[in-house]
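Below are the chains, spelled out letter by letter.
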Amino acid sequence: MFKGAVPAPVISKVICMFTGIIEAMGTLAALHRQGDDMALTVHAPTLDFGDVKLGDSIATNGVCLTVVALGDKSYTADVSLETLSRTGFAEARVGDPVNLEKALMPSSRLGGHLVSGHVDGIGEVKSKSSSGRAIEYWIKAPAALSRYIAEKGSIAVDGISLTVNAVQGDLFRLTIVPHTAQETTIARWKPGHRVNLEVDQIARYLERLMQGRGQEKEQNASSLTLDKLAQSGFL
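Figured I'd write up the structure that's included with this text. Along each chain, the written sequence defines residue order, and numbers are assigned to residues from 1. Only residues with pLDDT of at least 70 are given local features in this predicted model, and only at 80 or more are side-chain atom pairs given and counted; all residues enter the totals for whole chains, interfaces and linings. With hydrogens and water set aside, each side-chain value is computed from the structure's full complement of heavy atoms.

## Section: the packing of aromatic side chains
Then step 1. What counts as a ring pair is set by centres within 6.5 Å for rings of Phe, Tyr and Trp (its six-membered ring), and what kind of pair is set by the plane angle: stacked under 30 degrees, edge-to-face over 60, tilted for all other angles. For the structure on display, the rule yields two aromatic pairs.
Then step 2. Relative to Tyr-75, the ring of Phe-49 lies with its centre 6.4 Å away and its plane at 50°, an arrangement referred to as tilted. Of this pair, Phe-49 sits in the loop between strand E2 (37-43) and strand E3 (57-60) while Tyr-75 sits in strand E5 (residues 74-79), placing them 26 residues apart in sequence.
Then step 3. Look at Tyr-137 and Trp-189: their rings are 5.4 Å apart centre to centre, the planes differ by 70°, and that puts the pair in the edge-to-face class. Highlighted residues: Tyr-137 in strand E8 (residues 134-140) and Trp-189 in the loop between helix H3 (178-183) and strand E12 (194-199), separated in sequence by 52 residues. Like Trp-189, Tyr-137 is buried. To qualify as a helix, a DSSP run of H or I must reach at least 4 residues; to qualify as a strand, a run of E must reach at least 2; elements of each kind are numbered from the N terminus. Accessible area is worked out with a 1.4 Å probe on protein chains only. A residue is then buried under 20% of its type maximum, exposed over 50%, and partly exposed in between.

## What to know about the sheet that holds E8
Then step 1. Two strands qualify as a pair provided DSSP detects at least 2 bridges between them. Spatially, six strands are ordered E7-E8-E11-E10-E9-E12 in a closed barrel, and the strand pairing comes out antiparallel. Shown here is a sheet whose adjacent strand axes are inclined to one another by a mean of 45°, direction ignored.
Then step 2. In this sheet, E12 lies alongside strand E7 (residues 121-131) in antiparallel orientation, the contact comprising four bridges. Paired with Gly-121 across the strands is Leu-197, a residue of E12. Under this scheme, a helix contributes an axis fitted over its contacting stretch, all axes are lines through C-alpha atoms, and angles between N-to-C directions fall in the 0 to 180 degree range.

## Let's talk about the pairing of E2
Then step 1. Summarising burial for E2: five of the seven residues are buried, a large majority.
Then step 2. Across seven bridges, strand E1 (residues 24-34) lies against E2 in antiparallel orientation. Across the sheet, Leu-28 pairs through a bridge with Val-42, a residue of E2.
Then step 3. Between E1 and E2, which pair antiparallel one after the other, the connecting turn spans two residues, and Gly-35 there sits at a positive phi close to 70°.
Then step 4. Here E2 pairs with E5 via six bridges, running antiparallel. Bridging from a neighbouring strand, His-43 pairs with Ser-74 of E5.

## Focus on the environment of Val-68
Then step 1. Along the polypeptide, Val-68 turns up in strand E4 (residues 63-71).
Then step 2. Remark: the alpha-carbon pair of Val-68 and Asp-78, spanning 10 residues in sequence, is separated by 7.3 Å.

## What about the sheet that holds E1?
Then step 1. Read around the closed barrel, six strands run E1-E2-E5-E4-E3-E6, paired in antiparallel fashion. Averaged over all pairs of adjacent strands, the angle between their axes in this sheet comes to 45°, without regard to strand direction.
Then step 2. Pairing between E1 and strand E6 (residues 97-102): four bridges, direction antiparallel. Within E6, the position partnered with Thr-27 by the bridge is Pro-97.

## A closer look at the environment of Gly-121
Then step 1. Along the chain, the position of Gly-121 falls in strand E7.
Then step 2. For the pair Gly-121 and Asn-196, spaced 75 residues apart in the sequence, the C-alpha separation amounts to 6.1 Å.
Then step 3. The contact criterion used is simple: two residues touch if any of their non-hydrogen atoms lie within 4.5 Å. Among residues more than four places away in sequence, those in contact with Gly-121 are Arg-86, Leu-145, Val-195, Asn-196 and Leu-197.

## Overview of the nonpolar core
Then step 1. Membership of the largest hydrophobic core comes to 23 residues, with the highest contact counts inside it found for Leu-40, Tyr-75, Phe-89 and Leu-100.
Then step 2. Within the residue set of this core, elements represented by two or more residues are E1, E2, E4, E5 and E6.
Then step 3. Discounting chain neighbours no more than four positions away, the residues touching Leu-100 are Ile-22, Glu-23, Ala-24, Met-25, Gly-26, Val-42, Ala-44, Leu-47, Ile-58, Ala-59, Thr-60 and Tyr-75. Joining through side-chain atoms within 4.5 Å is the link that ties buried Ala, Val, Leu, Ile, Met, Phe, Trp, Tyr and Cys residues into a set, and such a set is a nonpolar core.

## Points about the environment of Glu-183
Then step 1. Relative to the helices and strands, Glu-183 is located in helix H3.
Then step 2. Looking at Glu-183, the relative accessible area reads 41%, which means it is partly exposed.
Then step 3. Other than its neighbours up to four places away in sequence, Glu-183 contacts Ile-22 and Met-25.

## So, the pattern of salt bridges
Then step 1. We define a salt bridge as a side-chain nitrogen of Lys or Arg found within 4 Å of a carboxyl oxygen belonging to Asp or Glu. In total, this model carries nine salt bridges according to the counting rule given.
Then step 2. The closest approach of N and O atoms between Lys-53 and Asp-56, which form a salt bridge, is 3.3 Å.
Then step 3. Of the residues examined, Lys-53 reaches a relative accessible area of 53% and is grouped as exposed.
Then step 4. Look at Asp-56 and you get buried, because its relative accessible area is 19%.

Shape is all these values report; function is a separate question.
Printed below as a string of structure tokens:
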């Protein structure tokens, strides 16, 4: 039986952060269709629920979800239409494994990189091959996201903080060591598998900053007239 009920009480949502270091794997135990939206229940026997309460955030395959009900080693979260349109949850099925990470605490180690849990889009695994004991994957990103992906930069794939080892257009390569494959859902990836992508936040903010500077220069240039030049003694 759930300790909480759906719908949950009004919860004041705060900004949560994650590291991309997966704490446990869970399984989608139930999918509750609610019109255009959905609620999902995740069974996670190895996740520490000792400090989890209603309203907390858990990154589920990289998607920041709010806990609206707690059960015996399980939780339920609502998934909005916006989230369904941007993530792989639209194709989720009961029994699918998911990567789990609780929100970052002020005292936590930042073992991966800063991850918001706000998925930018969906990528597709294009190839899988062995490289010594590691596994190499080439993943195709949406064209709108590829400009944020850089060689040796960070990216969150299904919530996992990973290093990009090569970039070719919209494709990027990941090299997965055995430990990461064993502790996450990566082992089940194969060509055609779709994954949630969250690009590095620094790249997004840098682009926005540069756009703002470009607009400012355009505005300054457009305000420059012959009269102003004459008044300033240039004519």
